[in-house]
Protein chains: 2
Amino acid sequence: VSTDIVERLLSGDRRALARMVTLIENESPAAREYLARLYPQSGRAQIIGVTGSPGAGKSTLVTQVARELRRRDLRVGVVAVDPSSPFTGGAILGDRIRMQELAGDPNVFIRSMASRGSLGGLAAATRDVARALDAAGFQVVIIETVGAGQAEVEIVRAAHSVLVVTVPGMGDDIQALKAGILEIADIFVVNKADRPGADQAAAELRMLLSLAAKQPKSPDVWRVPILKTSATQGEGIAEVVDALFRHRAFLSESGQLARRNQRQVYSEVLALLQHALAQRLKQTVPDEEWQHLIDAVVERRENPYQVADLLARRVGLSDPNQAGV
Amino acid sequence: VSTDIVERLLSGDRRALARMVTLIENESPAAREYLARLYPQSGRAQIIGVTGSPGAGKSTLVTQVARELRRRDLRVGVVAVDPSSPFTGGAILGDRIRMQELAGDPNVFIRSMASRGSLGGLAAATRDVARALDAAGFQVVIIETVGAGQAEVEIVRAAHSVLVVTVPGMGDDIQALKAGILEIADIFVVNKADRPGADQAAAELRMLLSLAAKQPKSPDVWRVPILKTSATQGEGIAEVVDALFRHRAFLSESGQLARRNQRQVYSEVLALLQHALAQRLKQTVPDEEWQHLIDAVVERRENPYQVADLLARRVGLSDPNQAGV
C-alpha cells in the first residue's frame, strides 16, 4: 500500500482526499507540491458554481442536485464556501445535516470552507479543492457560496457553469443585481417556486436579461434559462441538471470552453504572482510599519511613489537593470 | 523665470500644467518624479467623481456644475475619462464644445483622457492628473466618466464624493445597479427631469437605497440625496453643488475623511506595487511566451504553480531566503 498522498488520492482513497483538502485550507507548503503533481489528472470534471442571496435555499437545492446527479450515476463533490465568516462552525453543522442525506455514499464528497485571511486566498483555495476533487475522479464538482456579494462572484468565476438562485420577491433580485451577478449567471433558478410571485420573479429576470443582452440571438450565444424549482419538494431538479449538461455541451461546441480555460489559466497565474507579492509584503513589512508609512503619506511627509518604490525594493521587485545591486 | 515644470505648475502656469498632464498620460518616467515633488502641495481639493449611463447628460451637467462653482468663485478642474475607447477623438471634440462655454477662464481647466493599455493604468493616471490639478490650486476637481461599468467604478473610487447620474426610465437604473454603482453613490441626480417619469425614477432610487441600506439612520451615516436636474435648462444645479459641499463637510466632521484617505493611500501603494509587478512581467515575458505558457498549462503539460514560480523568479520576486541566488 502506497503511503504517498497523491497516489492514494488518485486511486480513490477518501482519507487522502480529506487530508489534501485540509492541507490546502491551511495553505500548507506541501499542498502546492501535491497540487502540482495532481494537476495533470485534473480538467475532466464539470465545475459548477452556485450563488445567490442568503435564504434562497441554495444548500437544499445543491443537495437535491447532488442526489439527481447520483441517480445518473455520476460522482459528485460539493465545496460549500463562506467568505463572510472566519469560522467553520455553522458550515460544519450544515455538512452534518446534509451528510445524513447522502451519508455513506463513497461517490459523494462534501466539504465546507470558511474565510481564512484574504479573499484572494479563499478563492484560490476553493479552486484548488475543486481541482483535487476533479483529479480524484469526481465528475461534477459544485462550488456553493453562502452569500452573493463581490467575494462570491470572485469565487464562482472558477466554474464552468454558474447557477444563480433567487426566490420570489423583489428584494433578492436587487441584491443579486447589485453584486454584478446578472453578468455571471449561466442559469437562473427561482427556488421556492411554490410561493406566490414565482412567475413574476421569472418574468422580471427575463426582462432584466433582455435589457442587459449585448448580442443578438445566435448559435454562439447562450440563452440563459430561467428555471423554477421547489428544492424542499424535489421539484424541477432534473430540469436544472439537464440545463447544466446543455451548458457544458454549449461551451464545448461553441469553442468557448477553450477560451474560458485560457482566460482562467492566465488569471490564475497572475493571481498566484500577486499572491506571491502580497506574501512577500507580509513577510517583509510589519503591520506597525505599514500604519506608519500610510500615516506619513496621508500627512504628506512622504509620497506614495516613494513608499511603493521602497517596498518594491524590499520585496525584491527591483528594476532588471539594477538586479543584484 | 523658472524653467522647472513643478515650480511653474505650482505658481499657476497653465502650460506647465498641460505639459504635466501629457507626461502623466504618456506614463513618462519623469512624471513620477514630478508627481512626487507635487505631492506635498496636494490634498486640499475636493475630488468629485461623476458617473452614470451614457446618454444621461453627464457632460452637460458637469459643465453646469463647473459654471456654478465659478459663480461661487472656486477654481475648477475637469478630467473627462473614457475607459472604453483607446482614442481621444470623441472626447477631444467634447472638450472643444465645452471650451467654448468656459473659454478663456484661467480658473477652469478641462482635459480628456482615453484608455491607453490597462484599466489599472488609466485609473492611476486619472488619480495623478487630479492630483496635479489639486496641487496647481484647483479647489474642486471633477472626474467625469463616459460610461458606468466596472472600469468607471474603479476610476471614481479615487473621489471624495461620487455623483451618479440617471435619467427617467427603468433601463438606465438597471444599468447603474448592474455595475455595483448603488454602493458608491454619495449623491444621485435624476437628470432630464423635465421629461415624464422623473418623480417615479427618484422614488425607485429611494426604494432601492432603502433596501440596500445596511445601517440605521444616525449622524454618522450619510443619507444619499436624490436630486432632480435639467442640466440643459440649468435647473437644480445649485442644489447639486450645495449637496456636494454638505457631503464634504459630513466626511470631515464624521471622521470618515481621515479613514477614506488612509484606505486610499493603502490601495494606491498596493496598486503601484502591482503595477510594478505587471510592468516587470511585460518587460520580461514576451506575448508569444505567455501564449506558449498558457497553452502548456491548459494542455496539462505544465501546471500553473510551476509557471507562476518560474515567472516570479524571472521578475525578481524571489524568496527572501534565496535572495541573491
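Use the structure listed above.
Every chain's residues receive numbers from 1 upward, in the order its sequence appears when written. Note on labels: chains are lettered from A, ligands numbered from 1, in written order. This being a predicted model, a pLDDT of at least 70 is required before a residue's local features are given, and a value of 80 or more before pairs of side-chain atoms are given or counted; all residues contribute to the totals for chains, interfaces and linings. Only hydrogens and water are set aside when side-chain values are computed; all heavy atoms of the structure are taken into account.

Engineer: Give a detailed account of the relation of the copies chain A and chain B, specifying residues and quantitative values.
Structural biologist: A residue counts toward the fit only if its pLDDT is at least 70 in both copies, and the copies are then superposed by least squares on the C-alpha atoms of those residues. Superposition of chain A onto chain B requires a rotation of 180 degrees combined with a translation of 0.0 Å along the rotation axis, giving an RMSD of 0.0 Å. Such a turn and shift between the copies fits a two-fold axis. Contacts: residue pairs with any heavy atoms within 4.5 Å of one another. Both copies share a contact surface, since 98% of the interface residues of chain A are interface residues in chain B too.

Engineer: Lay out the sheet that holds strand β4 (residues 140–145) of chain A with the relevant residues and their values.
Structural biologist: Residue and element names in this part refer to chain A. If DSSP finds at least two bridges between two strands, the strands pair. Numbering goes from the N terminus for both helices and strands, where a helix is a DSSP run of H or I of at least four residues and a strand is a run of E of at least two. Pairing is parallel in the open sheet, where seven strands are placed in the order β3-β2-β4-β1-β5-β6-β7. Where the open sheet ends on each side, the last strands, each with one partner, are β3 (108–114) and β7 (226–228). Taking the axes of each pair of neighbouring strands and ignoring which way they run, one obtains an average angle of 20 degrees across the sheet. Orientation is described by axes fitted as lines to C-alpha atoms, over the contacting stretch for helices, and by angles from 0 to 180 degrees between their N-to-C directions.

Engineer: Which residues make up the pattern of salt bridges, and what are the values?
Structural biologist: Residue and element names in this part refer to chain A. Think of a salt bridge as a Lys or Arg side-chain nitrogen and an Asp or Glu carboxyl oxygen that are within 4 Å of each other. This structure, assessed with the given rule, holds 30 salt bridges over all chains. Between Arg37 and Asp4 there is a salt bridge; the shortest N-O distance is 3.0 Å. Linking Arg37 in helix α3 (residues 29–38) with Asp4 in the segment before α1 (5–10), this pair joins segments that are 33 residues apart in sequence. The class for Arg37 is partly exposed, based on a relative accessible area of 36%. The network of salt bridges with common partners includes Glu68, Arg71, Arg72 and Asp242. Each residue is assigned to one of three classes by its accessible area relative to the maximum for its type, calculated with a 1.4 Å probe on protein chains only: buried under 20%, partly exposed between the two thresholds, exposed over 50%.

Engineer: Can you lay out the nonpolar core for me, pointing to particular residues and giving the numbers?
Structural biologist: By convention a nonpolar core is built from buried Ala, Val, Leu, Ile, Met, Phe, Trp, Tyr and Cys residues, the set being connected through side-chain atoms within 4.5 Å. Formed by 203 residues in total, the largest nonpolar core has its most connected members in Ile142 of chain A together with Met20 and Ile142 of chain B. Beyond its immediate chain neighbours, meaning those up to four positions away, Ile142 of chain B contacts Ile48, Val50, Val62, Val65, Leu69, Val76, Gly77, Val78 and Val79 of chain B.

Engineer: Now, about the sheet that holds strand β2 (residues 76–82) of chain B: what can you tell me, with residues and values included?
Structural biologist: All names here are of chain B. Reading across the sheet, the seven strands line up as β3-β2-β4-β1-β5-β6-β7 and stay open at both edges, with parallel pairing between neighbours. Among the strands making up the open sheet, the edge pair consists of β3 (108–114) and β7 (226–228). Adjacent strand axes in the sheet meet at a mean angle of 20 degrees, parallel and antiparallel pairs treated alike. Pairing geometry for strand β5 (residues 161–166) and strand β6 (residues 187–190), over four bridges, is parallel. Looking across to β6, one finds that Val165 is bridged to Val189.

Engineer: Could you give an account of the interface of chain A and chain B, with specific residues and numbers?
Structural biologist: Tallying the contact residues gives 57 residues for chain A and 56 residues for chain B. Once two parts are brought into contact, the accessible area they lose, counted with a 1.4 Å probe and summed over both, makes up the buried area. Of the roughly 5200 Å² buried where chain A meets chain B, counting both sides, 70% is carbon and sulfur surface. For the pair chain A and chain B, the number of links is two salt bridges. Residues Asp309 of chain B and Arg32 of chain A are paired through a salt bridge, measuring 3.7 Å at the closest nitrogen-oxygen approach. Whenever two N or O atoms come within 3.5 Å, that pair is a polar contact, provided that in protein one can donate a hydrogen and the other can accept it, and provided that, for residues adjacent in sequence, both atoms are side-chain atoms. The tally of links between chain A and chain B comes to twelve residue pairs in polar contact (both at pLDDT 80 or more). Where the side of chain A that touches chain B is concerned, the elements lending two or more residues are α3, α6 (119–135), α8 (170–178), α9 (181–184), α10 (198–212), α12 (256–284), α13 (287–298) and α14 (304–314) of chain A. Among the elements that make up the side of chain A that touches chain B, the one with the highest residue count is α12 of chain A (15 residues).

Engineer: Lay out the packing of aromatic side chains in plain terms, naming residues and giving numbers.
Structural biologist: Residues and elements named next belong to chain B. We call Phe, Tyr and Trp rings a pair once their centres come within 6.5 Å, taking the six-membered ring for Trp, and we label the pair stacked below 30 degrees between planes, edge-to-face above 60, and tilted otherwise. Tallied over the entire structure, the rule returns six aromatic pairs over all chains. Judged by centre distance (6.3 Å) and plane angle (55 degrees), the rings of Phe109 and Phe138 are tilted. Taken as a pair, Phe109 in strand β3 and Phe138 in the loop between α6 (119–135) and β4 (140–145) lie far apart in primary sequence, 29 residues in all. In this pair, the class of Phe109 matches that of Phe138, namely buried. For a lysine, the NZ atom is tested; for an arginine, the CZ atom; a charge sits over a ring if that atom is within 6 Å of the ring centre and within 35 degrees of the ring normal. Across from the ring centre of Phe138, 4.2 Å away, lies the NZ or CZ of Arg75, which sits over that ring.

Engineer: Kindly report on the pairing of β3 of chain A, identifying the contributing residues and their values.
Structural biologist: Residues and elements named next belong to chain A. For β3, a buried count of seven out of seven residues is recorded, marking the element as mostly surrounded by other parts of the structure. In β3, alternate side chains face the same way, and those of Val108, Ile110, Ser112 and Ala114 on one face and Phe109, Arg111 and Met113 on the other are all buried. Relative to β3, strand β2 (residues 76–82) is paired through seven bridges, and the arrangement is parallel. Paired with Gly77 across the two strands is Phe109, which belongs to β3.

Engineer: How would you summarise the environment of Thr232 of chain B if you had to cite specific residues and measurements?
Structural biologist: Residues and elements named next belong to chain B. Structurally, Thr232 can be placed in the loop between β7 and α11 (237–254). Look at Thr232 and you get exposed, because its relative accessible area is 61%. On a C-alpha basis, the gap between Thr232 and Gln64 in space is 8.3 Å, while along the polypeptide they are 168 residues apart. Among all residues touching Thr232, those that are not within four sequence positions of it are Thr60 and Gln64.

Engineer: Go over the side chain of Asp128 of chain B, please, and point to the residues and values.
Structural biologist: Within the secondary structure, Asp128 of chain B sits in helix α6. Asp128 of chain B gets classed as buried once you look at its relative accessible area, which sits at 10%.

Engineer: So, the packing of helix α11 (residues 237–254) of chain A against α12 of chain A: which residues are in play, and what are the values?
Structural biologist: Residue and element names in this part refer to chain A. Direction vectors running N to C along α11 and α12 enclose 90 degrees, while the axes themselves pass 4 Å from each other. When the interaxial angle is binned, α11 and α12 end up roughly perpendicular. On the side of α11, the interface is formed by His247, Arg248, Phe250, Leu251, Ser252 and Ser254, while α12 contributes Gln256, Leu257, Arg259 and Arg260. Gly is put with the polar residues, along with every residue not named as nonpolar or charged; the nonpolar set is Ala, Val, Leu, Ile, Met, Phe, Trp, Tyr, Cys and Pro, and the charged set is Asp, Glu, Lys and Arg. Of the residues belonging to the contact of α11 with α12, the class tally is three nonpolar, four polar and three charged. With respect to orientation, any angle under 35 degrees is reported as roughly parallel, any angle over 145 as roughly antiparallel, any angle of 65 to 115 as roughly perpendicular, and every other angle as oblique.

Engineer: Lay out helix α12 (residues 256–284) of chain B with the relevant residues and their values.
Structural biologist: A helix is expected to span 1.5 Å for every residue after the first. Taking 1.5 Å per residue, 29 residues should reach 42 Å; α12 of chain B reaches 41 Å between its end C-alpha atoms and fits that length. If you check which residues of α12 of chain B are buried, you get Leu257, Arg260, Val265, Glu268, Val269, Leu272, Leu273, Leu277, Arg280 and Leu281 of chain B.

These values are about where atoms sit, not about what they do.
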